[in-house]
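# Close look at the chain arrangement
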Amino acid sequence: MTSKQYLKEEREIKELNMSTLEKPEKIVHSTINREKMLSYLIKLVVWLQPHLWLVLLGITSELVYFFYLLHDFPVISHSLELTDMGAISGFSHFGFLKFLVALSFLFILFGFAWWDVRRFQDRATLWTILGFGGVFALTTIFVYPVTAIDIFNYIGYSLIMLQHGANPMTALPSQFIADPVIRVVSQPFINVPSPYGPLAQVIQALPVVIGGRNVLASLLLTKFMFSTVLIFGAFFVYKILSHIAPRFALPGTLALAWNPFVLLEYSANSHNDIVMMFFIILAVFALIKKHHVLALTLITASALIKFASLPLIPLFFFYSFIHQPTWKEKILYTLESSVASLSLLLATFIPFWAGSQTLQRFLNETQGQLYSFSMFLQDLSSEMISSHQATQVGWALFVICFFYALWLCLRDISHMLQGCAITMFALLAFSATYIQPWYLIWPFVLAILIPQTEVSLAAILLLYAATLVELVHAYIFPWGAYNDQSAFSIVNSVVYFIMFFPPMLFLLVSRFRHIFSQPPSSLEDDIFDPLSP
């Protein structure tokens, strides 16, 4: 045998030995993989058994979002036109009924999910809630803003600031009418400056920095940013309630992440109110972590998005001041919080400040009349009460509610949150003269942080009513209510009644029932809670 043949045979023997050794290793590796997969499948089945109802509700909800909202109102098809769902559907009665049925069905699914999730307290359910919420938000990102076109105005004001170097809080879009993009996206507010705070101008400009003059890209990026804020807001609701009342943590999270009104208004329509409320949620989270100075700074930041949260600043300050253990710490807190809040105020306002005209659009907005208590009272009295008198009555009711909220701040965090929710509700229900449906998230978010089932139910009822009101803008007014002054007044009064009276009546009945039942041992235990002993 030659040396070459010998080496060849030796190599073949080695290869044979290697293949023989590898086979058991492959078999062992394959067995381990199968065991892991089987283990994962068993865990999935064990988790799915109690969560099956929640998963089915989530899947059914997504089908409605996809096959109704996304199918009927795709943003890609309408990104270069300013319209609404009424115009897209031809102001038809079928379009009216379709929205009514679809959104009502979504609220029913949401209600069942909210009630079902009260059985759980595990983190896996949290990620299920946030996961489905993310899927819903991702779907509605690609839905045209069917009930309000404010997002287009955000882009227009941002282009005025970024590409023309002008101040959006004082400059009119009509000054840049030669710019074809601004001319399109700034309608119908082409002759008025931005009504939002300086921090809102900065945040709203971030997507436009990337999307630039591409309207569709800026739309989608803005929607993605606000939808992300929504989901993170739901997560921090969970963190807050986990500290205050753990049994309410998951229902509170789902109340925000799965709410059809919230997904429609702040993901599809992308109103900046969700950013304002996110800062309020962060402020509450800072408060429960005893970071009192940071909490006041964050609540100030929320007011620099939209000035509506200004009434919450004294409530947060008063609560933190009262709960400082010594006078030395009270004085220190006052100094530190004042410096921090004023520093933020100056840092954001100085680049935009141009004298009193900087706030003129905001002040003009507060003089508008829509769905207000003053209009309702004036109409109810057959105009025996003047508009000015009705407004004064509304402000008197708000002041009473505000002082009651201050008194609640003397107690614990849950009562302080009650005071905040009452303040924001009273602001809209009594003192504000111009109300849009999407403003109702202001009291809603604070209400779901209160660990009382009847309060959460009343807040959900409030948002369902607000959803129905969108039909007024899209269909009822265009059908002729705009042109008839008496019909316009009647519609305004009916809308006010629908929005505010059902939740108030529900809470009053709930409290009345409490009088004749054994009082709950704490804020967590209430007569509507099936888990209560």
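Residues numbered from 1 in each chain as written. Predicted model: local features only at pLDDT ≥ 70, side-chain atom pairs only at ≥ 80, totals over all residues. Heavy atoms only, no water.

### So, the overall build of the protein
Note the cut-off: Helical segments are the DSSP runs of H or I of at least four residues, strand segments are the runs of E of at least two, and each set is numbered from the N terminus. Throughout, exposure labels follow a simple rule: accessible area from a 1.4 Å probe, protein chains only, divided by the maximum for the residue type, with under 20% read as buried, over 50% as exposed, and the rest as partly exposed. The method behind every accessible area is Shrake-Rupley, applied with a 1.4 Å probe, and residues are considered shielded solely by the protein chains displayed.
Counting secondary structure elements, the protein contains 22 helices and 0 strands. When each of the 533 residues of the protein is scored for burial, the buried share is 53%. Total accessible area computed for the protein in this model is approximately 24300 Å², and 70% of it derives from carbon and sulfur atoms.

### Brief notes about the pattern of salt bridges
How we decide: Any Lys or Arg side-chain nitrogen located within 4 Å of an Asp or Glu carboxyl oxygen qualifies as a salt bridge.
Throughout the structure, instances matching the rule amount to 4 salt bridges. Where Asp-72 meets Lys-98, a salt bridge forms, and the shortest distance between an N and an O atom there is 2.7 Å. Here Asp-72, found in helix α1 (residues 3-72), pairs with Lys-98, found in helix α4 (residues 93-116); they are 26 residues apart in sequence, far enough to count as distant. Judged by its relative accessible area of 30%, Lys-98 falls in the partly exposed class. For Arg-213, the salt bridge is made with Asp-179, and the minimal N-O distance between the two is 2.6 Å. Placement of the pair is Arg-213 in the loop between α8 (198-211) and α9 (215-244) and Asp-179 in the loop between α6 (150-162) and α7 (180-185), with a sequence separation of 34 residues. Judged by its relative accessible area of 34%, Arg-213 is partly exposed. Residue classification places Asp-179 among the buried positions, given a relative accessible area of 7%.

### Remarks on unusual backbone geometry
You will see that Phe-91, though not glycine, has its phi angle at about 50 degrees, which is positive. With respect to the secondary-structure elements, Phe-91 resides in the loop between α3 (85-88) and α4. Of note in this structure, Ser-382 is not a glycine but carries a positive phi near 55 degrees. When you line up the elements, Ser-382 lands in the loop between α17 (373-380) and α18 (387-408).

### Some words on the packing of aromatic side chains
Applicable threshold: Between rings of Phe, Tyr and Trp, where Trp is taken as its six-membered ring, a pair exists when centres lie within 6.5 Å; planes separated by under 30 degrees are stacked, by over 60 edge-to-face, and by other angles tilted.
One pass over the structure, following the stated rule, counts 41 aromatic pairs. Considering the side-chain rings of Phe-236 and Phe-278, the 6.3 Å spacing of their centres and the 70 degrees angle between planes classify their relative orientation as edge-to-face. Of this pair, Phe-236 sits in helix α9 while Phe-278 sits in helix α12 (residues 273-288), placing them 42 residues apart in sequence. Summarising the aromatic geometry, the rings of Phe-317 and Tyr-333 are spaced 5.5 Å apart at their centres and angled 25 degrees between planes, so their arrangement reads as stacked. Highlighted residues: Phe-317 in helix α14 (residues 312-322) and Tyr-333 in helix α15 (residues 327-349), separated in sequence by 16 residues. The class for Phe-317 is partly exposed, based on a relative accessible area of 27%.

### With respect to the side chain of Ser-194
Using the following cut-off: Definition of a polar contact: a pair of N or O atoms within 3.5 Å, with one able to donate and the other able to accept a hydrogen when the atoms are protein atoms, and with sequence-neighbouring residues admitted only if both atoms are side-chain atoms.
Topologically, Ser-194 is positioned in the loop between α7 and α8. The class of Ser-194 is buried, set by a relative accessible area of 1%. A distance of 2.8 Å separates polar atoms of two side chains, one belonging to Ser-194 and the other to Gln-201.

### What about α8?
Quick note on the threshold: Here the expected span of a helix is defined as 1.5 Å times the quantity of residues minus one. The reported bend at a residue is simply the angle between two axes, fitted to the 7 residues ending at it and to the 7 residues beginning with it. Working rule for contacts: check all heavy atoms of both residues, and any pair within 4.5 Å makes them a contact.
Taking 1.5 Å of rise per residue, 14 residues should cover 20 Å, and α8 covers 21 Å from first to last C-alpha, within 8% of that figure. Maximal helix bending in α8 amounts to about 30 degrees, located at Ala-205; proline Pro-207 follows within four positions. Counting buried residues in α8 gives 10 out of 14 residues, a clear majority hidden from the surface. Those residues of α8 hidden inside the fold are in contact with α6, α9, α12, α13 (292-303) and α15. Gly-212 sits one or two positions beyond α8 and adopts a positive phi of about 60 degrees.

### What about the packing of α14 against α15?
The condition that has to hold: Only the stretch in contact is used when fitting a helix axis, every axis being a line fitted to C-alpha atoms; angles between N-to-C directions are given from 0 to 180 degrees. When describing relative orientation, an angle under 35 degrees is termed roughly parallel and one over 145 degrees roughly antiparallel, while 65 to 115 degrees is termed roughly perpendicular and anything else oblique. Side-chain classes follow a simple rule in which Ala, Val, Leu, Ile, Met, Phe, Trp, Tyr, Cys and Pro form the nonpolar group, Asp, Glu, Lys and Arg form the charged group, and the remainder, Gly included, forms the polar group.
α15 packs onto α14 with a crossing angle of 150 degrees between their chain directions and a minimal axis gap of 9 Å. The pairing of α14 with α15 is recorded here as roughly antiparallel in orientation. Counting all contacts with α14, which are made through Phe-316, Phe-317, Ser-320, Phe-321 and Ile-322, the residues of α15 involved are Trp-327, Lys-330, Tyr-333, Thr-334 and Ser-337. A class-by-class count of the residues in the contact of α14 with α15 yields 6 nonpolar, 3 polar and 1 charged.

### Quick look at the packing of helix α5 (residues 123-141) against helix α11 (residues 260-268)
Short version of the rule: By convention, the crossing between two helices is left-handed when the near helix turns anticlockwise from the far helix through less than a right angle, and right-handed when the turn is clockwise.
Two elements in contact, α5 and α11, have axes whose closest approach is 9 Å; the angle formed by their N-to-C orientations is 50 degrees. One finds that α5 runs oblique with respect to α11. You can see that α5 and α11 cross each other, and the crossing is right-handed. Together, Gly-133, Phe-136, Ala-137, Thr-140 and Ile-141 of α5 and Leu-263, Ser-267 and Ala-268 of α11 make up the contact between the two elements. A breakdown of the residues in the contact of α5 with α11 according to their chemical character gives 5 nonpolar, 3 polar and no charged.

### Brief notes about empty space enclosed by the protein
To keep things clear, this is the line we draw: A pocket here means an open set of points on a 1 Å grid, computed over the protein atoms alone, that has protein on both sides within 12 Å along at least five of seven lines. A cavity is instead a set of points where a 1.4 Å probe fits but cannot get out; residues with an atom within 4 Å of a point line either one. Grid points are joined across faces, edges and corners, and a volume is the space filled by probe spheres set on the points.
Taken as a whole, this structure holds 1 cavity of 30 Å³ or more when the rule is applied. Counted as a void, the largest cavity has a volume near 40 Å³. Forming the boundary of the largest cavity are Trp-114, Leu-241, Phe-248, Pro-251, Gly-252, Ala-255, Ile-448 and Ser-456. For the lining of the largest cavity, the element with the highest residue contribution is helix α10 (residues 249-257), accounting for 3 residues. Grouping the amino acids of the lining of the largest cavity by side-chain chemistry returns 6 nonpolar, 2 polar and no charged.

### Thoughts on the nonpolar core
So the rule is basically this: By nonpolar core is meant a set of buried Ala, Val, Leu, Ile, Met, Phe, Trp, Tyr and Cys residues that side-chain atoms within 4.5 Å join together.
Of all hydrophobic cores here, the largest spans 173 residues; its most connected members are Trp-258, Phe-316, Trp-442, Phe-444 and Phe-500. Not counting residues up to four positions away in its chain, the partners in contact with Trp-258 are Leu-54, Leu-57, Gly-58, Tyr-65, Phe-110, Ala-113, Ile-129, Phe-132, Gly-133, Phe-136 and Leu-263.

### Observations regarding the side chain of Lys-223
By secondary structure assignment, the location of Lys-223 is in helix α9. A polar contact of 3.5 Å, which involves the side chain of Lys-223, links it to the backbone oxygen of Thr-140. Not counting the four nearest positions on each side in its chain, Lys-223 is found in contact with Val-75, Thr-140, Ile-141, Val-143, Pro-145, Ile-151, Ser-267, Ala-268, Asn-269 and Ser-270.

### Focus on the state of the cysteines
We count it as follows: The disulfide criterion is simple: two cysteine sulfur atoms within 2.5 Å.
Evaluation of the coordinates by the stated rule reveals 0 disulfides. Free of any disulfide, Cys-420 has its nearest neighbouring cysteine sulfur in Cys-409, separated by 5.8 Å.

### Here we look at the confidence of the model for the protein
Our working rule: Looking at any residue, its pLDDT shows the predictor's confidence there, from 0 to 100.
Residues of the protein with pLDDT of at least 70 account for 87%, and the chain-wide mean is 87. Every residue in residues 521-533 scores below 50 in pLDDT, and together they form 43 contacts with partners more than four places removed in sequence or on other chains.

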